[in-house]
Structure formats: C-alpha cells, structure tokens
Amino acid sequence: MAALSVQEEELSTTADDFSALEERVVQAVEVVKKERAARAQADQTIETLRREAEEQGSLLAQTQEQVRLLERDREQVKQRVERLLKQIDEIAS
C-alpha cells in the first residue's frame, strides 16, 4: 500500500508539474501573439512614416526649385529696375 501511495503522490506531482508547464506554454503563446501584433503595427507605422518622408522629400525638392526660380526672377527684376533708374538718371542729367 505504501508503494501505491508514493506512486499516487508522484503522479499528483507530475500532473501539477504538467499543469504548470501547460499554463506557462499558454502564457508564452499569448505573449508571442501580442508581440506579433505589436510588430505588425510597428511595421505598418514604419511604412506610413516612410511614405510621408518620401512625400515630404518631394515637396521639399519642389519648394527648393520654386525658391530658385523666384530668386532668379527677383534678380532679373532688380536688373531691369537698375537699368530703368540709370535711364532716368541720364534723362535727369
């Protein structure tokens, strides 16, 4: 009978160990699921930010080109005004 009692205790301990292991596996699976979802969200955010950065880069290039054109136009207007002022000075003299 004593041997049977020891075997029952061992089975009970083994069952408890198995239940604890099973619970840890279930928790690990949940952690993995959450981490995968978080990674998918992070990947989506990264892709969105990449697209926005590309758009901003494109807008920056367009803006820089517009500034160059405006500076060129300003220089042309400045030269014309200077010529006109010179002609006015010649007439006034």
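Note that the coordinates shown come from a computational prediction; the quantities given were computed from them, not determined experimentally. (Residues numbered from 1 in each chain as written. Predicted model: local features only at pLDDT ≥ 70, side-chain atom pairs only at ≥ 80, totals over all residues. Heavy atoms only, no water.)

A word on the overall build of the protein chain. The secondary structure content of the protein chain amounts to one helix and zero strands. Across the 93 residues that make up the protein chain, the buried fraction comes to 0%. With the model as given, the accessible surface of the protein chain reaches about 8,900 Å², and the carbon-plus-sulfur share is 56%. (Helix = DSSP H or I, 4+ residues; strand = E, 2+ residues; numbered from the N terminus. Buried < 20%, exposed > 50% of the residue type's maximum accessible area, 1.4 Å probe, protein only. Areas by Shrake-Rupley, 256 points an atom, 1.4 Å probe, with all protein chains shown as cover.)

To continue, consider a nonpolar patch on the surface. The grouping of Phe18, Leu21, Val25 and Val29 at the surface amounts to a nonpolar patch, some 370 Å² of accessible area in total. You can see Val25 is positioned in helix α1 (residues 2-92). (Patch = residues over 30% accessible without salt bridge, like charges linked within 9 Å, V, L, I, M, F, W, Y side chains within 5 Å. Salt bridge = Lys/Arg side-chain N within 4 Å of Asp/Glu carboxyl O.)

Next up on the list: the pattern of salt bridges. Within this structure, the stated rule accounts for five salt bridges. For the salt bridge of Lys33 with Glu30, the shortest nitrogen-to-oxygen distance reads 4.0 Å. Taken together, the positions of Lys33 and Glu30, both in helix α1 and three residues apart, correspond to about one turn of that helix. Glu47 is the salt-bridge partner of Arg50, the closest N and O atoms lying 3.7 Å from each other. Here the residue Arg50 and the residue Glu47 both occupy positions in helix α1, the gap between them amounting to three residues, near one helical turn. One salt-bridge network, held together by shared partners, links Glu47, Arg50 and Arg51.

Take it as geometry only, folks, not as evidence of what the structure does.
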